[in-house]
Amino acid sequence: MSRKERPKKKVQANKPVQKKSSSIPAKQIDLPLIENQKKKKLWGYYAGILIFAFALYANTYNHEWVLDDYGSYKLNIYVTKGISGFEDILTKTYRHGSGFYTDNLYRPFSQLMFATEWQISPDNPGFSHLVSVFFYALCCVLLFALLRKMFIRQHLIIPLIITLLYAAHPMHTEVVANIKGRDDIMSLFFLLLTMIFVLKFVDAKKTITRFISIVAIFIFFLCAFFSKESAVTMVAAIPLMVYFFRKAPIKDYIPITIALLIPAGIYLWTRATILSNYPSSEYFTVSIMDHYYYELFDTNIFSYWATAIMLMGKYLFLLFVPYQQVCDYSFSQLPVTTFTDWTTLLSIAVHIGLLVYAVMGLKKKNPIAYGIFFYFITMSIFSNLFIRIGSSFADRFLFLPSLGYCIAIVCFIFHLINKKETDGISLKKSKNKIILIGFGIVLVLFSYKTITRAAEWVDQFTLFGKDVQKSDNSAHMRLYWGLALRDKGLDYKDANDGEKDWNKVQENNKLFQEWTWKAVEQFKKGIEIYPGSADCNEQLGIAYDNMYPFYPDQQLRDTAEKYYLRALEIVPSKAATNSNVAKIYFDRGEIQKAKKYYLNSIRFDPLFADGYFNLGSCYGMLGLYDSSFYYYKKCLSFTPDRAECYTFMGLNYANLNKFDSSVAMYNKAIEINKYSHNTYILAAKTYIGIGKFTEAKAIIAKALDVNPFNGEAFFVKGLLTLYDGTTKANQDKAIQYFSKCIELSPEIAEAYLEKGRIFDQRRQLDSAQFYYEKAFQRNPNLFVARNPNQQ
């Protein structure tokens, strides 16, 4: 036999290999083929992909808590219990631990991770961001492994480009840069493992390998469901993958389908069981603030469908041209459309065209068609066309569907350029080099956009400040920006704790007021956009409430009350709003009225710690101390380090003449929070009540050492001065202390009253009258005579 014939002999020798891999199609239509070099070491590719994905989000490792991180993690009492909260996480809805009882989400897996991370490093968002990016990078590695199996007879460049394009896509930033997005990341992680083992099952010849694979499919798919319910769409997408990328016999589809359906059934049964413990609230509905065209389903179904189809077009456009990312697109940033609008008609035409192309590619098993089908299937649950969900539009909804886009676009471009080739893809050819350069440019642009967008998620102030410019007609965005401005002001207010420089205190107070008024402006803009915004009305109430001490003569608390009540008209079940308006009534001395709203707060939110605390105060004021102690202890069961509870339990003990217990409670409160200014005051008043003036003076000295600008401490110091004797010298000192109190805390009515009494005793009636009236203006319930001659 001649040497020229020997290559033919080598081809013949490869036939047993082909037979062994008979489940792999000999040809996948429309893409030039080349044998994968399985013996080639690929660890460099996997390491490169891991590093690439890590680098894209390296700027998130020092980010703070943002947006939904609070409800799902930071302020979720079950998560912040650490591993001891596992049972509650597994048996409660997703946001139950943060006070949302009509939440119909059940996603325990990510919260189990959060609780574990809290146990390891409490209140450390940077650590959780690192974990999120790590698992996203692992997802990209798994994606490359999966794509290599799917495109097993294709050039390695195809799975590599698809992977890199997916990793760098800017529409993923909301998921990866937001810790809450862990549910999406972990769902993808387990879905990729499921798909890998599905292909491993189909390819395997040994029974034990097939058995292990089917068990792995079951376990990983179950974990994907418990991460996020949108995994249900993969019940259709995974068998379709087998059809497109393998020549599997019908008998192989049966165990695969069963291994997918059983986890789906287990999850849906578990979810239904959990939700059965949460009867629907008569007050609950999907807010227009979250889903701007939700109600059209009942009032104008055709406009509803037209709008949903138009938004599907916007999703597609953002996949191709991710020119901007926004954390909120709520009412009324996006339009409502009809079937006569060109945007809806264009979207219909494009989607029908894609669907027709995909159906035509079914028989030939065109991988472009699979990418299109994958996109349609996984996007269906977010489209609002088949079921209504709680949100109208979000960047995060493209996290899984974008994989279909990446598969389709990469395969389409290589097919378009190489469709006449019969000997495979050669990267030495100039046309393929042009493709690589083109994809390289896209990756650079995508990476730049991803890195800069991820940087904007650093904190709420930065994120909302950027996004309110892109989504300026969104009521939600105005609310969020207002909250960020408000929190900026509160940072300055909190900075006064322990501050001993009076000029710095005044500067902080000024900045606090400036930022709060800026927040008020945003909340009002939110109401202009959507007058039915309960959140904007509530936040206006809080803002005016916070400003009251600085403007005691401007009736700001009445304004706060007005906005609180308006918010409750819109959503009566808001626990915090019920509690906030109750606080106004409590301060006015309308205890029974306050109690009614506080009871509402814990009825609507049984985990609302503030409600229990304030009920403890109400019952204490009513002299019902057993009930008061019950509610304070209930509050401590949710917030064990709440110093105020110990402070007011100390007051209860003082009123019961149990002074040792009272002092013990005060000391406990100060131990927890040395800046618990009210504790020093109550402790001093308790000592005064039992005639221990020396101890009272000592604790007031501590109060002023901690905070030299504690107005009420100067008030008590004035009282102690008078207790030393009502000589003119003592009266002059007391007047100085009361005046200092008024300067620092002008809302304290008693300081005006005591100055009035001193002037009254001196028969300086005009001055006495002036201060009595000031006291009356601030607190009409004080027993003062408008005419000092009649006192």
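Coordinates for the structure precede this section.
Here's what I pulled together on the structure shown here. (Residues numbered from 1 in each chain as written. Predicted model: local features only at pLDDT ≥ 70, side-chain atom pairs only at ≥ 80, totals over all residues. Heavy atoms only, no water.)

The next point concerns the nonpolar core. For soluble globular proteins, the rule of thumb is that nonpolar side chains tend to be buried together. Counting 249 residues, the largest nonpolar core has Tyr136, Met150, Met241 and Tyr370 as the members making the most contacts within it. Ignoring anything within four residues of it in the chain, the contact list for Met241 reads Leu146, Met150, Met195, Val198, Leu199, Arg246 and Tyr370. (Core = buried A, V, L, I, M, F, W, Y, C linked by side-chain atoms within 4.5 Å. Buried < 20%, exposed > 50% of the residue type's maximum accessible area, 1.4 Å probe, protein only. Contact = heavy atoms within 4.5 Å.)

Quick look at the packing of aromatic side chains now. Applying the stated criterion across every chain, the model contains 62 aromatic pairs. Here Tyr315 and Phe393 contribute two aromatic rings whose centre-to-centre distance is 4.1 Å and whose plane-to-plane angle is 15 degrees, an arrangement assigned as stacked. Pair noted here: Tyr315 is in helix α15 (residues 301–320) and Phe393 is in the loop between α17 (367–379) and α18 (401–418), with a separation of 78 residues, a long-range link. Classification of Tyr315 as buried rests on a relative accessible area of 1%. Overall, the relative accessible area of 3% leaves Phe393 in the buried class. Taking the centre distance of 4.7 Å and the plane angle of 40 degrees together, the rings of Phe629 and Tyr653 count as tilted. Placement of Phe629 in helix α28 (residues 625–638) and of Tyr653 in helix α29 (residues 643–655) is noted, with a sequence separation of 24 residues between them. By way of ring pairs, the aromatic residues Phe54, Tyr61, Phe109, Phe134, Phe135, Phe189, Phe190, Phe197 and Phe220 are connected into one cluster. The aromatic ring of Phe201 is capped on one face by Arg210, whose charged end is 4.1 Å from the ring centroid. The positively charged end of Arg388 is found above the aromatic ring belonging to Tyr294, 4.1 Å away from the centroid. (Phe/Tyr/Trp six-rings, centres within 6.5 Å; stacked < 30°, edge-to-face > 60°. Helix = DSSP H or I, 4+ residues; strand = E, 2+ residues; numbered from the N terminus. Lys NZ or Arg CZ within 6 Å of the ring centre and 35° of its normal.)

Where helix α23 (residues 534–547) contacts helix α25 (residues 575–587), the two axes come as close as 11 Å, and the packing angle between them is 30 degrees. At the point where α23 passes α25, the crossing takes the left-handed sense. The segment α23 lies against α25, with Glu538, Ile542 and Asp545 engaging Ala576, Thr577, Asn580 and Ile584. Broken down by class, the residue content of the contact of α23 with α25 amounts to three nonpolar, two polar and two charged. (Axes fitted to C-alpha atoms, helices over the stretch in contact; angles between N-to-C directions. Left-handed = near helix turned anticlockwise from the far one by under 90°. Nonpolar A, V, L, I, M, F, W, Y, C, P; charged D, E, K, R; others polar.)

Together, Ile208, Phe211, Ile212, Val215 and Ile219 line one region of the surface with nonpolar side chains, adding up to about 460 Å² of accessible area. Summarising the element assignment, Ile212 is placed in helix α11 (residues 207–227). Here Ile212 falls in the partly exposed class, since its relative accessible area comes to 48%. (Patch = residues over 30% accessible without salt bridge, like charges linked within 9 Å, V, L, I, M, F, W, Y side chains within 5 Å. Areas by Shrake-Rupley, 256 points an atom, 1.4 Å probe, with all protein chains shown as cover. Salt bridge = Lys/Arg side-chain N within 4 Å of Asp/Glu carboxyl O.)

Taking 1.5 Å as the rise per residue, helix α36 (residues 765–778) with 14 residues should run 20 Å; its terminal C-alpha atoms sit 20 Å apart, in good agreement. Within α36, the full set of buried residues consists of Ala768, Tyr771, Tyr772, Ala775 and Arg778. The buried residues of α36 occupy an angular sector of 125 degrees when the element is viewed end-on, so they sit on one face. (Expected span 1.5 Å × (residues − 1). Arc of directions from axis to C-beta.)

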